[in-house]
Amino acid sequence: MVGPAVQRDAVAHLQAVMGLSERRACSIVGADRKTVRYRSRRPPDTELRARLRDLANERRRFGYRRLFILLRREGEPSGVNRIHRLYREEGLSVRQRRARRKAVGARAPILVEAKPNARWSTDFVHDQFANGRRFRILNIVDDVTKQCLGAIPDTSISGRRVARELTAIIERHGKPGMIVSDHGTEYTCNAMLAWCRDNEVDWHFIAPGKPMQNGFVESFNGRMRDELLNETLFFDLDDARDRSRLGYSTSTPRALIRRSDTSRRRPMPPTSPQRAIGCATPTSFADRALLPLRHKA
């Protein structure tokens, strides 16, 4: 038995069920009598506990550190250690996924120059609307700064559309030294090959069946699915764009999320209006953007 609370419960159980004295019960459990008799004088923190539970229910993949940030922004003066204690007492710990078996052996490191635009990664993440119609989001991430340079949702994104979005992002952020992706048809079509040639961008394709060679954007996709797609019910494409558009800002530049103006730079056909959503984010999707989430029905 670990912890004073568990020891107190065990002593109380022995006294109530077996009729033992406090001294005998403490001896069996191995607890100090002073510990058993002690009663905490801490305030109940009823309102803070209730608010912490509400935030944890709204953002089920947030740990205590990020819940602490949300509480601090609401004006809560408590420190992170106190929030951690209440978080554990309320049983709000996030369930950890089982790690996959890792390969044994030495791996050659991927050498990337430590500067912005040294290398970008791009990939698609899929979801569906409430009516069952599927849509996809094109994510473009800077591997060095860990910024999401673009998150473009639509029901269909062709290779030409990818080329237009990359051109718009390059106009805002500059040209990358390399772009990494899988062998999707959107990346291997003639439009993308012509775009790479015209813009003099080195495009690197990962090995088939090796998504971890594109690990930066895969990690971002996982965070997005955990904290946005799995937590939000989308009704149509406009709703998906509104939910993906982040009007959230903080005092730190790394957590600044801004809407891109791709739609004004690149007009789309009227039959399929397109808009790109860009966001600058910190080291992980979870810590980069505290998204306004909505539960699935």
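Residues numbered from 1 in each chain as written. Predicted model: local features only at pLDDT ≥ 70, side-chain atom pairs only at ≥ 80, totals over all residues. Heavy atoms only, no water.

Engineer: Got a minute to help me understand the sheet that holds strand β4 (residues 178-181) in this structure?
Structural biologist: Backbone hydrogen bonds are what pair the strands of a sheet, in a parallel or an antiparallel way. Strands sit in the order β3-β2-β1-β4-β5 across an open sheet of five strands; the sheet is mixed. Edge positions in the sheet fall to β3 (148-154) and β5 (202-205), since each has one partner strand and no second. Ignoring which end each strand starts from, the neighbouring axes of this sheet average 20° apart. Inspection of the sheet shows β4 paired to β5 by four bridges, in the parallel sense. Bridge pairing links Ile179 to Trp203 in β5. Running over the sheet, helix α10 (residues 215-229) touches β1 (120-128), β2 (134-142) and β3 and is turned about 30° from β1. Strands in contact with helix α11 (residues 237-244) are β2 and β3; relative to β3, the strand with the most contacts, it is inclined by about 165°. (Pairing = 2+ DSSP bridges. Helix = DSSP H or I, 4+ residues; strand = E, 2+ residues; numbered from the N terminus. Axes fitted to C-alpha atoms, helices over the stretch in contact; angles between N-to-C directions. Contact = heavy atoms within 4.5 Å.)

Engineer: I would appreciate a short explanation of the packing of helix α5 (residues 64-73) against helix α6 (residues 80-89) in the present structure.
Structural biologist: Helix packing for two helices is described by the angle between their axes and how far apart those axes are. Running from N to C, α5 and α6 cross one another at 120°; their axes reach a closest spacing of 9 Å. Comparing their axes, α6 and α5 come out oblique. Considering the relative orientation of α5 and α6, their crossing is right-handed. Here Tyr64, Leu67, Phe68 and Leu71 of α5 come into contact with α6, specifically with Val80, Ile83, His84 and Tyr87. Broken down by class, the residue content of the contact of α5 with α6 amounts to seven nonpolar, one polar and no charged. (Parallel < 35°, antiparallel > 145°, perpendicular 65-115°, else oblique. Left-handed = near helix turned anticlockwise from the far one by under 90°. Nonpolar A, V, L, I, M, F, W, Y, C, P; charged D, E, K, R; others polar.)

Engineer: Can you walk me through the pattern of salt bridges in this structure?
Structural biologist: Two side chains that carry opposite charge are able to pair once their charged atoms sit near each other. On inspection of all chains with the given rule, the structure shows 19 salt bridges. Among the ionic pairs, Arg49 bridges to Glu89, the shortest N-O distance being 2.5 Å. Of the two residues, Arg49 sits in helix α4 (residues 46-58) while Glu89 sits in helix α6, which places them 40 residues apart along the sequence. Overall, the relative accessible area of 17% leaves Arg49 in the buried class. Judged by relative accessible area, which is 45%, Glu89 ranks as partly exposed. Of the charged contacts in the structure, one is a salt bridge between Asp226 and Arg61, with a shortest N-O distance of 3.3 Å. Remark: Arg61 occurs in the loop between α4 and α5 and Asp226 occurs in helix α10; sequence separation between them is 165 residues. Look at Asp226 and you get buried, because its relative accessible area is 14%. We classify Arg61 as partly exposed; its relative accessible area is 23%. By sharing partners, the salt bridges in this structure join Arg49, Arg53, Arg85, Glu89 and Glu90 into a single network. (Salt bridge = Lys/Arg side-chain N within 4 Å of Asp/Glu carboxyl O. Buried < 20%, exposed > 50% of the residue type's maximum accessible area, 1.4 Å probe, protein only.)

Engineer: For this particular structure, what's the right way to read the nonpolar core?
Structural biologist: General note: in soluble globular proteins, nonpolar side chains tend to be found buried as a group. The biggest cluster of nonpolar side chains holds 19 residues, and the ones touching the most others in it are Trp120, Leu138, Val162, Leu166, Trp195 and Trp203. Of all the secondary structure elements, the ones that give two or more residues to this core are β1, β2, β3, α7 (159-173) and α9 (190-199). Top contributing element to this core by residue count: α7, with five residues. Other than its neighbours up to four places away in sequence, Leu138 contacts Thr122, Asp123, Phe124, Gly150, Ala151, Ile152, Ile157, Val162 and Tyr187. (Core = buried A, V, L, I, M, F, W, Y, C linked by side-chain atoms within 4.5 Å.)

Engineer: Any chance you could explain the packing of aromatic side chains here in plain terms?
Structural biologist: What characterises a pair of aromatic rings is the spacing of the ring centres plus the angle enclosed by the ring planes. Counted under the stated rule, the structure contains seven aromatic pairs. Taken together, a centroid distance of 6.4 Å and an interplanar angle of 90° make the contact between Trp195 and Trp203 edge-to-face. The class for Trp195 is buried, based on a relative accessible area of 6%. Where Trp203 meets Phe205, the ring centres are 6.5 Å apart and the plane angle is 40°; that geometry is what we call tilted. Look at Trp203 and you get buried, because its relative accessible area is 12%. An aromatic cluster of three or more residues is present, and its members are Phe124, Tyr187, Trp195, Trp203 and Phe205. One residue, Arg66, lies across the ring of Phe62, its end atom 3.5 Å from the ring centre. The lysine or arginine in question, Arg136, covers the ring of Phe124, its NZ or CZ lying 4.0 Å from the ring centre. (Phe/Tyr/Trp six-rings, centres within 6.5 Å; stacked < 30°, edge-to-face > 60°. Lys NZ or Arg CZ within 6 Å of the ring centre and 35° of its normal.)

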